[in-house]
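Residues per chain are reported as follows:
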Amino acid sequence: QPQVNSEKDMLIGAEALLRWNSKSLGSVSPAEVIPIAESIGVINKLGMWVVKEVARQTKFLGLDKHKNIKISINLSATDFKNEFLVEEITYILEIYGLDFSQFEIELTEGVLVDDYDYVKPKLDEFQMNGISVAIDDFGTGFSSMTHLKKLNFDKIKIDRTFIKDYP
């Protein structure tokens, strides 16, 4: 999904979104796929496949030559339970010869609420490697400003439902 600066009418980023188009089922929403992948224990494999595919596509499309374009990758709560998450992602980016600073990891505020003490060191490690961190879907869960103040994140994406009734 492209991210565009509407004032300058230019591409500034892209967010990797997982979509499954099944011949028999049609378009299957990530809201259906992710829980199934979690329940059968393949979510981590799926997450790393997404990272590899994003790296491959970034190189294939030549986006790596445009340093002003930030590529965002969503990670699940289960991904953060992987002890070697940061190492695996940086290794994949290295294999494709990609600049870490061109990438951004997104996590939902629900991940922060559920596993704050476990997630925070990984977020810090991503940032130490030059990968930025975004909080996605803010306003849909129970995050407190206290949690946000303790985190060093680069971007906060407020969920549409949180602001939809404001002019």
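Below is a summary of the structure that appears in this document.

Reading the values: the criteria
- Residues numbered from 1 in each chain as written.
- Predicted model: local features only at pLDDT ≥ 70, side-chain atom pairs only at ≥ 80, totals over all residues.
- Heavy atoms only, no water.
- Buried < 20%, exposed > 50% of the residue type's maximum accessible area, 1.4 Å probe, protein only.
- Helix = DSSP H or I, 4+ residues; strand = E, 2+ residues; numbered from the N terminus.
- Arc of directions from axis to C-beta.
- Pairing = 2+ DSSP bridges.
- Right-handed = clockwise from strand over helix to strand, strands pointing away.

### A look at helix H3 (residues 85-95)
Taken as a whole, H3 has its buried residues at Leu-85, Val-86, Ile-89, Thr-90, Ile-92 and Leu-93. Buried residues along H3 cover an arc of 155° about the axis, so they all sit on one side. Turned more than 90 degrees off the buried face of H3, the exposed positions are Tyr-91, Glu-94 and Ile-95. Following H3 by one or two positions, Gly-97 adopts a phi angle in the positive range, close to 65°.

### Some words on unusual backbone geometry
A positive phi angle is found at Asp-9, which is not glycine, with a value near 50°. Tracing the sequence through the fold places Asp-9 in the loop between strand E1 (2-5) and strand E2 (10-16).

### A few points about the pairing of strand E5 (residues 70-74)
Pairing of E2 with E5, which is carried by 4 bridges, proceeds in the parallel orientation. Each residue of the ladder has a partner; that of Glu-15, found in E5, is Ser-72. In this structure, E5 lies alongside strand E6 (residues 103-108), joined through 4 bridges in parallel fashion. Bridging across to E6, Ile-73 finds its partner in Ile-105. The parallel pair E5 and E6, bridged by H3, forms a crossover whose chirality is right-handed.

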